[in-house]
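# Remarks on the overall topology
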Amino acid sequence: MSLLTALSASSTTAKKRMVSPMALLARSFASVNDNASAKPLHAYYPVVPGSLTAHLQLRTGETFTGGSFGATSSAIGETVFTTSLVGYPESMTDPSYRGQLLVFTQPLIGNYGVPKRTRDQYGLLKHFESEKIQCSGIVVSDYATKYSHWNAVESLSEWCEREGVPAITGVDTRALVHILRGQGSTLGSLSAGSQPLEESKIQWVDPNAKNLVAQASTDSVRVFNPNGDVHVALIDCGAKYNIIRSLCEQGARVSLVPWNHNLVDDLASYDGIFISNGPGSPTHCTETIAQLREAFQVYQRPIFGICMGNQLMGMAAGLNAYKLRFGNRGHNQPAVDLTTGKCVITSQNHGYALDDTQMPAGWDRYYVNANDGSNEGIRHIEKPFRSVQFHPEAKGGPLDTGYLFAEFVDSVRAAKAAGLPASQSVAAESDTSAQAATA
């Protein structure tokens, strides 16, 4: 046999192996179509015989069937995706994902299990961003049935089952993300069972129509690091634990207050004000916006906001918020500091943004997203008020902007040392009291 004949035979054999029935049966993922308006066929992933199936059904008609590895329940939510490569325990417990079906674009999920519920010196869980799973369900390409990590105590499947959260594996997440990028974040239904739910019987409820911030917020004041040298009010719109921790680590005493706390009446007792991240639409937080608007008029000490906090500060200043097509969620979003020109890589998780085309008097843009040009922060030109849309406290990284916590607490400390009054009204009252005492 000649060399040419041998190569030809080898190539033919290889082609036969590539199209073998076992290879075709391995995975029947949906294909990615560049035409975003084209509706994909029902995508089916063959599960192991005897295993339970799960179904992700989008309101726009697409269905993905795969294996169930979570709770045998169903959930309705906004289907969104994150490009994070690591940190699924932190993402799943982030209150900003409340009411959402979370799609992980990272193919392999669950390989390092779920860590212990260890608490730090402030009483906060070290490896989670809240006390429970916040997202309504998770969608992955390939769930790792075997995990390996020195700190793991259970599998991702066991965790989801215990907390009643449905989960599906075997989904062509590339095709799914292509759909979501094309038509925008879409309501979805995730259920476990042999057959998808009848579309006519699915009760579609948009979580963004609810005040998710009120659901995620504390209902009473909680104090962390009580011996801190400066007192910061943290407005809880769904605060991640690492925001509290980051403030405490800078030496601040943190009072976590409800989202609708009567802040204005207590201004004199706070050396600084911090507004946290949170889920859903900022338009529901009218009470918080009103409180901030009033505080902007009289408060003299530093105010800082993150994520939802950026949107609420912007709306209090006079800006409008709008819904992004599919949001920015992941650990690799570039944001440019407009005061220095420096670009930082940030962690983000939001579906809304501020419309900063016309800035209110006295305010300026602070950061801008280098990918889509959306707003990433605002700042007051004269007063120590500023905010960012991204997460400088990101537990799963990156850590490029952690310095913002140090800058904020340092500015709070400096204002206190300078004897800066909490508000103009407080200053006027102090002058009146001094004059009365002299008389």
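Note that this is a predicted model, so its numbers are computed, not measured.

## A word on the packing of aromatic side chains
Across all of its chains, the model carries 13 aromatic pairs by this definition. An angle of 80° between the planes, with centres 5.4 Å apart, marks the rings of Phe274 and Phe408 as edge-to-face. Residue Phe274 is found in strand β16 (residues 272-275), and its partner Phe408 is found in helix α10 (residues 403-417); the two are separated by 134 residues along the sequence. The exposure class assigned to Phe274 is buried, which follows from its relative accessible area of 1%.

## Side note on the nonpolar core
Counting 51 residues, the largest nonpolar core has Met92, Ile138, Leu156, Leu234, Leu247 and Phe274 as its most contacted members. In contact with Leu234, not counting residues within four places along its chain, are Ala239, Ile243, Ile244, Leu247, Val254, Ser255, Leu256, Val257, Phe274 and Ser276. By size, the runner-up hydrophobic cluster in this structure holds 31 residues, among which are Leu312, Met313, Met315 and Leu319.

## Brief notes about the packing of helix α8 (residues 286-298) against helix α9 (residues 308-317)
In contact at an axis separation of 8 Å, α8 and α9 are set at 60° when each is read in the N-to-C sense. Read as a crossing pair, α8 and α9 show a hand that is right-handed. On α9, the residues touching Thr288, Ile289, Leu292, Arg293 and Phe296 of α8 are Leu312, Met313, Met315, Ala316 and Ala317. When its residues are assigned to classes, the contact of α8 with α9 shows eight nonpolar, one polar and one charged.

## Examining the confidence of the model for the chain
Summarising the model, the chain shows a mean pLDDT of 88, and 87% of its residues fall at 70 or more. In the predicted structure, residues 1-36 sits below a pLDDT of 50 and forms 32 contacts with residues beyond four places in sequence or in another chain. In the predicted structure, residues 426-439 sits below a pLDDT of 50 and forms two contacts with residues beyond four places in sequence or in another chain.

## Some details on the sheet that holds strand β13 (residues 222-224)
Strand-to-strand pairing in sheets goes through backbone hydrogen bonds, with the strands running parallel or antiparallel. Read from one edge of the open sheet, ten strands run β13-β15-β14-β16-β17-β22-β21-β20-β18-β19, paired in mixed fashion. With partners counted over all chains shown, the strands left at the sheet margins are β13 and β19 (343-355), one partner each. The average angle at which neighbouring strand axes cross in this sheet is 20°, direction not considered. Those strands touched by α9 are β16, β17 (303-306), β18 (320-337), β19, β20 (363-369), β21 (375-380) and β22 (385-388), and its axis lies near 125° from that of β17.

## Here we look at unusual backbone geometry
A cis geometry characterises the amide bond from Gly397 onward to Pro398, with omega recorded as -5°. Assignment of secondary structure puts Pro398 in the loop between β22 and α10. In this structure, Cys307 is a non-glycine residue whose phi angle is positive, near 60°.

## Some thoughts on the pattern of salt bridges
Going through the model one piece at a time under the given rule, you end up with 14 salt bridges. With a shortest N-O distance of 3.0 Å, Glu131 and Arg117 are connected by a salt bridge. Remark: Arg117 occurs in the loop between β7 (114-115) and β8 (137-139) and Glu131 occurs in the loop between β7 and β8; sequence separation between them is 14 residues. The shortest N-O distance in the salt bridge between Arg162 and Glu154 comes to 2.4 Å. Classification of Glu154 as buried rests on a relative accessible area of 12%.

## What to know about α8
In an α-helix there are 3.6 residues to a turn, and that puts residues three or four apart on one side. The end-to-end C-alpha separation of α8 is 19 Å, in line with the 18 Å expected for 13 residues at 1.5 Å each. Among all positions in α8, only Thr288, Ile289, Gln291, Leu292, Ala295 and Phe296 are buried. Down the axis of α8, the smallest arc covering the buried residues is 160°, so these residues share one side. The exposed set on the far side of α8, more than 90 degrees from its buried face, consists of Thr286 and Gln297. Lining the buried residues of α8 we find β14 (230-235), β16, β17, α9, β20 and β22.

Calculation rules
Residues numbered from 1 in each chain as written. Predicted model: local features only at pLDDT ≥ 70, side-chain atom pairs only at ≥ 80, totals over all residues. Heavy atoms only, no water. Phe/Tyr/Trp six-rings, centres within 6.5 Å; stacked < 30°, edge-to-face > 60°. Helix = DSSP H or I, 4+ residues; strand = E, 2+ residues; numbered from the N terminus. Buried < 20%, exposed > 50% of the residue type's maximum accessible area, 1.4 Å probe, protein only. Core = buried A, V, L, I, M, F, W, Y, C linked by side-chain atoms within 4.5 Å. Contact = heavy atoms within 4.5 Å. Axes fitted to C-alpha atoms, helices over the stretch in contact; angles between N-to-C directions. Left-handed = near helix turned anticlockwise from the far one by under 90°. Nonpolar A, V, L, I, M, F, W, Y, C, P; charged D, E, K, R; others polar. pLDDT = per-residue confidence, 0-100. Pairing = 2+ DSSP bridges. Salt bridge = Lys/Arg side-chain N within 4 Å of Asp/Glu carboxyl O. Expected span 1.5 Å × (residues − 1). Arc of directions from axis to C-beta.

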